Amino acid sequence: MFIKDKSQLLIFRIQCAIILAVTCIISLTNPDAAIAKASLPSILITIVVTLLGLLTPHLEVASQHRSLLKSAIKGIIKAILIFAYPTSLIFGFSLLSLSLIDKLHLSATIPAYLILLGFLVSIPPYFKGLLINETGPITRMFFSFIYLYSFPTSVNQLRLIGFNVDNSFSMIIIVYSVTFAALFYVMHCWGFGLPKIKINSKVNYGWLLVAILPALAYLCTTAGSWSNLFHHFALKPVSGPIMYLIVTVLSICCYEEIIFRYALFWQLLHVNQRSQKTQMIFGVVVSSLLFGLWHAQNMFYQSVPATLLQILSAIGIGFIYSTICLYTGTIWISIILHSLADLVGFPNGSSPFSQGPTPFLITFLLLISVIAIVVSLFLLLSHNQQAAFEQTMARIQIKQPQSHYHLNFDKILGSRDTNVRKKEIR
């Protein structure tokens, strides 16, 4: 089962039962209003998710020879619950509050924050049962990504009661702050430290500046031409209310850096490799590729060529950001650089990719990306700079033994590799 603590298991199952009962009763007693407000797909998804939450503890496969199949089924169900349970929880609260709001003609603001409060009070079993007991670095990375991708969007269900989250800066700030705090707690339970502020003592600041320069060069993507870049271009910060700037930094810059330079990157650095140097290169390369692919979702808002160019440039940015994080031992420099790119590099508040790639944009971004990758690999392979990297690698080592309570895919794959090696020896 997923949840080792019986009390947390009981609470989790009670929550699923309540959400299921509320959804079914309201949908059956007043189907027209429920479907009009919530939509039939949302109701059906909530029913399926809560049923999975109720049935998961009893999910067993009789044959011992099906342990791989059983673990695969559990993993799929677990991924579904991690992705959809927070949304279903807020949906249940919103559906329960809907009739009261309509009868009393209440404004949606106060009920929305009360629902958020109830959600935050009710969510701990979700973390303790579905995330904290995970052991393998690959599955941890996969499930933490699913959590980070889906958790902030769960509050969109508040639209059911007429509350527009996009227009509430305070709601967005609270949700992202809780998302980050919960991730830090989960990472701490896995044995990782929190992102530190202090830079490694072995850092050579001259080489750090060399690494930062390609990252700063990305601020010039809106120059338009080489002539403008060298003769007429001036950086202009994004204008807007301070709350808008804070939300942008939290929901884009901090969000993406915490995903790709902390949650995923630190897990990748624990995937077994032959040496520490290959571990670092593996972590930088894979996290950068994932960061590039993350931007493929922009294909729905811009042209395919522009998206492909953005993916390639994001890979280059990922290389230099990841290397800076690994070299300095802190993610805050990459957060600052990312914030500058979004708040200063895009003065109109829109991406330069939205208008399609120009010859200058293609040439400039590919050139800067190649330079960023070369600088990154040089630092990673430089013998004289290894002391700073070793400080970071020593700090992020898991500080507590991993629990072997939960069977996971990493363990299965590892045992299969061991059996193959034993056969080869024989």
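In every chain, residue numbers begin from 1 and rise along the written sequence. Only residues with pLDDT of 70 or above have their local features reported here, since the model is predicted, and side-chain atom pairs are shown and tallied only from 80 upward, although totals for entire chains, interfaces and linings are computed over all residues. Calculation of side-chain values draws on the structure's entire complement of heavy atoms; hydrogens and water are dropped beforehand.

K.L.:
Tell me about the overall build of the protein, and please be specific about residues and values.
P.N.:
Counting from the N terminus, the helices are the DSSP runs of H or I reaching at least four residues and the strands are the DSSP runs of E reaching at least two. Scanning the protein from N- to C-terminus turns up 17 helices and zero strands. Only protein chains enter the accessibility calculation, which uses a 1.4 Å probe; a residue is then buried when its area is under 20% of its type maximum, exposed when over 50%, and partly exposed in between. The buried share of the protein, reckoned over its 426 residues, is 51%. Partitioning the contacts of the protein with sequence separation of at least 6, the portion at a separation of at least 24 is 83%. Contacts are assigned to residue pairs with any non-hydrogen atoms lying within 4.5 Å of each other.

K.L.:
So what about the nonpolar core? Which residues, and what values?
P.N.:
Note on terminology: a nonpolar core comprises buried Ala, Val, Leu, Ile, Met, Phe, Trp, Tyr and Cys residues joined through side-chain atoms within 4.5 Å. In this structure, Tyr-85, Tyr-126, Phe-127, Tyr-147, Leu-158, Ile-161 and Leu-326 are the most contacted members of the largest nonpolar core, which totals 119 residues. Look past the residues within four positions of Tyr-147 in its chain and what remains in contact with it is Ile-82, Tyr-126, Phe-127, Leu-131, Pro-152, Val-178, Thr-179, Ala-182 and Leu-183.

K.L.:
Describe the pattern of salt bridges, with residues and values.
P.N.:
Here the idea is simple: oppositely charged side chains can pair when their charged atoms come close. What counts as a salt bridge is simple: a side-chain nitrogen of Lys or Arg found within 4 Å of a carboxyl oxygen of Asp or Glu. Counting across every chain of the model gives three salt bridges. A salt bridge links Asp-166 to Arg-159; its shortest N-O distance comes to 2.8 Å. For Arg-159, a relative accessible area of 44% puts it in the partly exposed group. Note that Arg-261 is salt-bridged to Glu-257, the shortest N-O span being 2.7 Å. Here the residue Arg-261 and the residue Glu-257 both occupy positions in helix α11 (residues 242-268), the gap between them amounting to four residues, near one helical turn. The same class applies to Arg-261 as to Glu-257, namely buried.

K.L.:
Explain helix α15 (residues 359-381) to me, and be specific about the residues and the numbers.
P.N.:
Its 23 residues place the ends of α15 33 Å apart at the C-alpha level, agreeing with the 33 Å of an ideal helix rising 1.5 Å per residue. Within the span of α15, buried status applies to Phe-360, Leu-361, Phe-364, Leu-365, Ile-368, Ser-369, Ala-372, Val-375, Ser-376, Leu-379 and Leu-380. In this structure, the buried side of α15 is in contact with α9 (205-217), α10 (226-232), α12 (276-294), α13 (304-328) and α16 (386-395). The span you would expect from a helix comes to 1.5 Å times its residue count less one.

K.L.:
With reference to specific residues and values, describe the packing of aromatic side chains.
P.N.:
The rule is short: rings of Phe, Tyr and Trp, with Trp giving its six-membered ring, pair when the centres are within 6.5 Å, and they are stacked under 30 degrees, edge-to-face over 60, tilted in between. For the structure shown, the criterion picks out 28 aromatic pairs. With 5.9 Å between their ring centres and 80° between their planes, Phe-145 and Trp-294 make a pair best called edge-to-face. Residue Phe-145 is located in helix α7 (residues 137-150), and its partner Trp-294 is located in helix α12; the two are separated by 149 residues in the primary sequence. The class for Phe-145 is partly exposed, based on a relative accessible area of 26%. In this structure Trp-294 comes out as buried when scored by relative accessible area, which is 10%. Measuring from ring centre to ring centre gives 5.2 Å for Phe-260 and Phe-291, while their planes differ by 65°; the resulting arrangement is edge-to-face. One end of the pair, Phe-260, is in helix α11; the other, Phe-291, is in helix α12, with 31 residues separating them in the sequence. Take Phe-260 and Phe-291: they sit in the same class, and that class is buried. Definition used: whenever NZ (Lys) or CZ (Arg) falls within 6 Å of the ring centre and also within 35 degrees of the ring normal, the charge is taken to sit over that ring. Looking at Arg-261, its charged tip hangs above the ring of Phe-291, at a distance of 4.3 Å from the centre.

K.L.:
Break down the side chain of Ser-251 for me, with residues and values.
P.N.:
Tracing the sequence through the fold places Ser-251 in helix α11. Take Ser-251: its relative accessible area is 18%, and that puts it in the buried class. Contacts described as polar in this section are N or O atom pairs within 3.5 Å, which, within protein, must combine one atom able to donate a hydrogen with one able to accept it, while residues neighboring in sequence count only if both atoms come from side chains. Of note is the side chain of Ser-251, whose polar atom sits 2.6 Å from the backbone oxygen of Val-247.

K.L.:
How would you summarise the confidence of the model for the protein if you had to cite specific residues and measurements?
P.N.:
Considering every residue of the protein, the mean pLDDT works out to 85; 88% of them sit at 70 or more. Every residue in residues 59-65 scores below 50 in pLDDT, and together they form six contacts with partners more than four places removed in sequence or on other chains. A score from 0 to 100, pLDDT tells how confident the predictor is in each residue. In the model, residues 400-426 has pLDDT below 50 throughout and makes 33 contacts with residues more than four positions away in sequence or in other chains.

K.L.:
Before we move on, can you summarise the packing of α11 against α12 with the specific residues and values?
P.N.:
In the contact formed by α11 and α12, the axes pass within 9 Å of each other and the chain directions differ by 145°. Considering only the axes of α11 and α12, their crossing is right-handed. Packed against α11, whose contacting residues are Tyr-255, Glu-256, Ile-259, Phe-260, Arg-261, Leu-264, Phe-265 and Leu-268, the element α12 presents Phe-282, Gly-283, Val-284, Val-286, Ser-287, Leu-290, Phe-291 and Trp-294 at the interface. For this classification, the nonpolar set comprises Ala, Val, Leu, Ile, Met, Phe, Trp, Tyr, Cys and Pro, the charged set comprises Asp, Glu, Lys and Arg, and every other residue, Gly included, is treated as polar. The residue inventory of the contact of α11 with α12, partitioned by class, reads 12 nonpolar, two polar and two charged. Axis angles are defined between N-to-C directions and span 0 to 180 degrees, where every axis is a line fitted to C-alpha atoms and, for a helix, only to the segment in contact. If you view the pair so one helix is near and one far, a crossing is left-handed when the near helix is turned anticlockwise from the far one by less than a right angle, and right-handed when it is turned clockwise.

K.L.:
Can you lay out the environment of Thr-392 for me, pointing to particular residues and giving the numbers?
P.N.:
Here Thr-392 shows up in helix α16. The class of Thr-392 is buried, set by a relative accessible area of 5%. Look past the residues within four positions of Thr-392 in its chain and what remains in contact with it is Asn-200, Cys-325, Leu-326, Tyr-327, Thr-328 and Gly-329.

K.L.:
Mind laying out a nonpolar patch on the surface, listing which residues take part and the relevant values?
P.N.:
Where nonpolar side chains cluster on the molecular surface, the patch consists of Ile-110, Leu-114, Leu-117 and Val-121 and spans about 440 Å² of accessible area. With respect to the element layout, Leu-114 can be found in helix α5 (residues 109-122). What makes Leu-114 exposed here is its relative accessible area of 54%. Patches here are clusters of residues that have more than 30% relative accessible area and form no salt bridge, with a 9 Å joining cutoff for like charges and a 5 Å cutoff for nonpolar side chains (Val, Leu, Ile, Met, Phe, Trp, Tyr). Only the protein chains shown count as cover for residues, and the accessible areas themselves come from Shrake-Rupley with a 1.4 Å probe.

K.L.:
If you had to explain helix α1 (residues 6-29) to someone new, which residues and values would you point to?
P.N.:
For α1, with 24 residues, the first-to-last C-alpha span of 34 Å sits near the 34 Å given by 1.5 Å per residue. If you check which residues of α1 are buried, you get Gln-8, Leu-9, Phe-12, Gln-15, Cys-16, Ile-19, Leu-20, Val-22, Thr-23 and Ser-27.

K.L.:
With reference to specific residues and values, describe the packing of α12 against α15.
P.N.:
Packing of α12 against α15 brings their axes to within 10 Å, and their N-to-C directions diverge by 160°. Regarding the angle of α12 to α15, the classification is roughly antiparallel. Taken as a pair, α12 and α15 cross one another with a handedness that is right-handed. Each of Lys-277, Met-280, Ile-281 and Val-284 in α12 lies in contact with α15, whose residues at this interface are Ser-376, Leu-380 and Leu-381. Considered class by class, the residues forming the contact of α12 with α15 number five nonpolar, one polar and one charged. Working definition: roughly parallel below 35 degrees, roughly antiparallel above 145 degrees, roughly perpendicular at 65 to 115 degrees, and oblique for all remaining angles.

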